[in-house]
Amino acid sequence: METTNQNKYATEIDRLRKEKNAVILAHYYQTGDIQDIADYVGDSLALAQWAAKTAADMIVLCGVHFMGETAKILSPEKKVLVPDMAAGCSLADSCPADTFAEFISQYPDHKVISYVNTTAAVKALTDIVVTSTNAKKIVESFPKDAKLIFGPDQNLGNYLNRITGRQMVLWPGACHVHEQFSLEKILALKKEYPDADVIVHPECKQPILIIADFIGSTAALIQHTIQSSKTRFIVVTESGVIHEMKKRNPQKVFIPAPPNDSTCACNECSFMRLNTMEKLYLCLRDEQPEIHIEKEVGEKAVRPILRMLDLS
């Protein structure tokens, strides 16, 4: 019955997107069925790039709320929909715009670099936005003596400080998914699969980064699995990305790293999983929920995003 419903939704989604000239963008952390039906699947940088250049009349962003906001900021004339408005982001939530404004006011001579995992209001306070794909390049585009603030992910900020030699002031935020990985369990997996590469997203805590064989953005992790001669990988990021890894490397084995919660064998973002095929269908049918952004906020927020895209 479930398969029949999924097939029905897929057929209707395909019909509606053609009828309404809609493009479906999905993040790698979405479930496999949503990734498979999307027009484009990518990380945050790729989703922003596609949102900026699409000729579609409507964008359906299958991800979390800030991704829909980013698409709307870049294409304000288009209708931007998300399947579930409750699909938020713990990292974005950890950095309220009013509190962040107070924080940066303490460093009036600093430039502000914001991770893309932020609200439109935080982006509006920012000099340039980064993703984990381009963060190192953008940080290093500033003079070595530049005074910088980085927010909201302190794990990524600490990692960038280490690899660039900078001393950015960091906002103390974190992603609940990447914070929950268990070092002890990853080491146990490494012992069980000694030939496996441990591949890690830089939003993870430093002890986990230290034991990694490869550190990179979501897209970089996928690319590493394609280029590597290894046939096993312990994947230390949101487990939805394994769907794409398997598609690109059907002969290889991917082992999801578990969180501290011993009842779960993989680590999933509960917000990302709020999106379903049924909600995607209803979203296209009813053209809601729709992302709206105040004009002034959108005009301020688009500048740091465009600066990022120019450097990417």
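Heads up: these notes are all about the structure in this document. (Residues numbered from 1 in each chain as written. Predicted model: local features only at pLDDT ≥ 70, side-chain atom pairs only at ≥ 80, totals over all residues. Heavy atoms only, no water.)

Let us now look at the overall build of the protein. A tally of regular secondary structure across the protein gives 16 helices and 12 strands. The C-alpha atoms of the protein give a radius of gyration of 19 Å, which matches the 20 Å a tight globule of 312 residues would have. By principal-axis analysis of the C-alpha atoms, the protein measures approximately 55 × 55 × 35 Å. With 312 residues in all, the protein has 54% of them scored as buried. Put simply, of all contacts in the protein between residues at least 6 apart along the chain, 64% involve residues at least 24 apart. Element-wise, carbon and sulfur atoms account for 51% of the exposed surface of the protein, whose accessible area totals about 13600 Å². (Helix = DSSP H or I, 4+ residues; strand = E, 2+ residues; numbered from the N terminus. Rg over C-alpha atoms; globule rule 2.2 N^0.38 Å. Buried < 20%, exposed > 50% of the residue type's maximum accessible area, 1.4 Å probe, protein only. Contact = heavy atoms within 4.5 Å. Areas by Shrake-Rupley, 256 points an atom, 1.4 Å probe, with all protein chains shown as cover.)

The element strand 5 (residues 111-115) is extensively covered by neighbouring structure, given that 4 of its 5 residues are classed as buried. Of the pairings in the sheet, the one linking strand 5 to strand 7 (residues 148-151) comprises 4 bridges and is parallel in character. Note on strand 7: the bridge partner recorded for Ser 114 is Gly 151. Direction of pairing for strand 5 relative to strand 6 (residues 128-130): parallel, over a ladder of 3 bridges. What sits directly across from Ser 114, in strand 6, is Val 129. (Pairing = 2+ DSSP bridges.)

Judged by nonpolar contacts, the single largest core of 93 residues is most densely connected at Ile 13, Ile 113, Val 236, Met 245 and Met 308. It is helix 3 (residues 44-53) that contributes the most residues to this core, 6 residues altogether. Here Met 245 is in contact with Ile 199, Leu 221, Ile 222, Thr 225, Val 235 and Phe 254, once residues within four sequence places are set aside. Counting residues in each nonpolar core, the second largest holds 9 residues, with Cys 95, Phe 100, Ile 104 and Trp 171 among its members. (Core = buried A, V, L, I, M, F, W, Y, C linked by side-chain atoms within 4.5 Å.)

Here the focus is the packing of aromatic side chains. Evaluation of the coordinates by the stated rule reveals 7 aromatic pairs. Here the aromatic residues Phe 100, Phe 103, Tyr 107 and Trp 171 are joined through ring pairs into a cluster of three or more. (Phe/Tyr/Trp six-rings, centres within 6.5 Å; stacked < 30°, edge-to-face > 60°.)

Summarising the element assignment, Thr 225 is placed in helix 13 (residues 218-227). Look at Thr 225 and you get buried, because its relative accessible area is 0%. Each C-alpha atom, one on Thr 225 and one on Phe 254, is 9.3 Å from the other, the two residues being 29 residues apart in sequence. Once residues within four sequence positions are removed from consideration, Thr 225 is found in contact with Ile 199, Phe 233, Met 245, Asn 249, Lys 252 and Phe 254.

Moving on, we get to helix 9 (residues 154-164). Inspection of helix 9 places Asn 155, Leu 156, Gly 157, Tyr 159, Leu 160, Asn 161 and Thr 164 among the buried residues, and these make up the whole buried set. A side-chain oxygen of the first residue of helix 9 lies 3.0 Å from the backbone nitrogen of Asn 155; this N-cap is Asp 153. (Polar contact = N/O pair within 3.5 Å; in protein donor to acceptor, adjacent residues only side chain to side chain.)

With that settled, consider the packing of helix 3 against helix 4 (residues 65-74). One way to put it is that helix 3 packs onto helix 4 with a least axis distance of 8 Å and a crossing angle of 30°. The chirality of how helix 3 crosses helix 4 is right-handed. Judged by residue contacts, Ser 44, Leu 47, Ala 48, Ala 51 and Ala 52 of helix 3 engage Phe 66, Met 67, Thr 70, Ala 71 and Leu 74 from helix 4. Its residues assigned to classes, the contact of helix 3 with helix 4 shows 8 nonpolar, 2 polar and no charged. (Axes fitted to C-alpha atoms, helices over the stretch in contact; angles between N-to-C directions. Left-handed = near helix turned anticlockwise from the far one by under 90°. Nonpolar A, V, L, I, M, F, W, Y, C, P; charged D, E, K, R; others polar.)

Before going further, it helps to spend a moment on the sheet that holds strand 2 (residues 40-42). In space, the 4 strands of this open sheet follow the order 2-1-3-4, with parallel pairing throughout. Strand pairing shows two members of the sheet lacking a second neighbour, strand 2 and strand 4 (79-81), which therefore form its edges. Going from strand to strand, the sheet's axes swing by 20° on average, the running direction of each strand aside. When strand 1 (residues 22-27) meets strand 2, the two strands line up parallel, connected through 3 bridges. Each residue of the ladder has a partner; that of His 27, found in strand 2, is Gly 42. Contacts from helix 15 (residues 277-286) reach strand 1, strand 3 (58-62) and strand 4 within the one sheet, and its direction differs from that of strand 3 by about 160°.

Further remarks concern the side chain of Asn 275. Within the secondary structure layout, Asn 275 lies in the loop between strand 12 (253-256) and helix 15. One polar contact links Asn 275 to Gln 30, side chain to side chain, over a distance of 3.2 Å. At a separation of 2.7 Å, a polar atom in the side chain of Asn 275 contacts the main-chain carbonyl oxygen of Gly 63. Ignoring anything within four residues of it in the chain, the contact list for Asn 275 reads Gln 30, Ile 34, Cys 62, Gly 63, Pro 83, Asp 84 and Ala 87.

With that out of the way, let us pick up the sheet that holds strand 5. Pairing within the open sheet is parallel, and its 4 strands lie in the order 6-5-7-8. Looking at which strands have only one partner, the edges of the open sheet turn out to be strand 6 and strand 8 (169-170).

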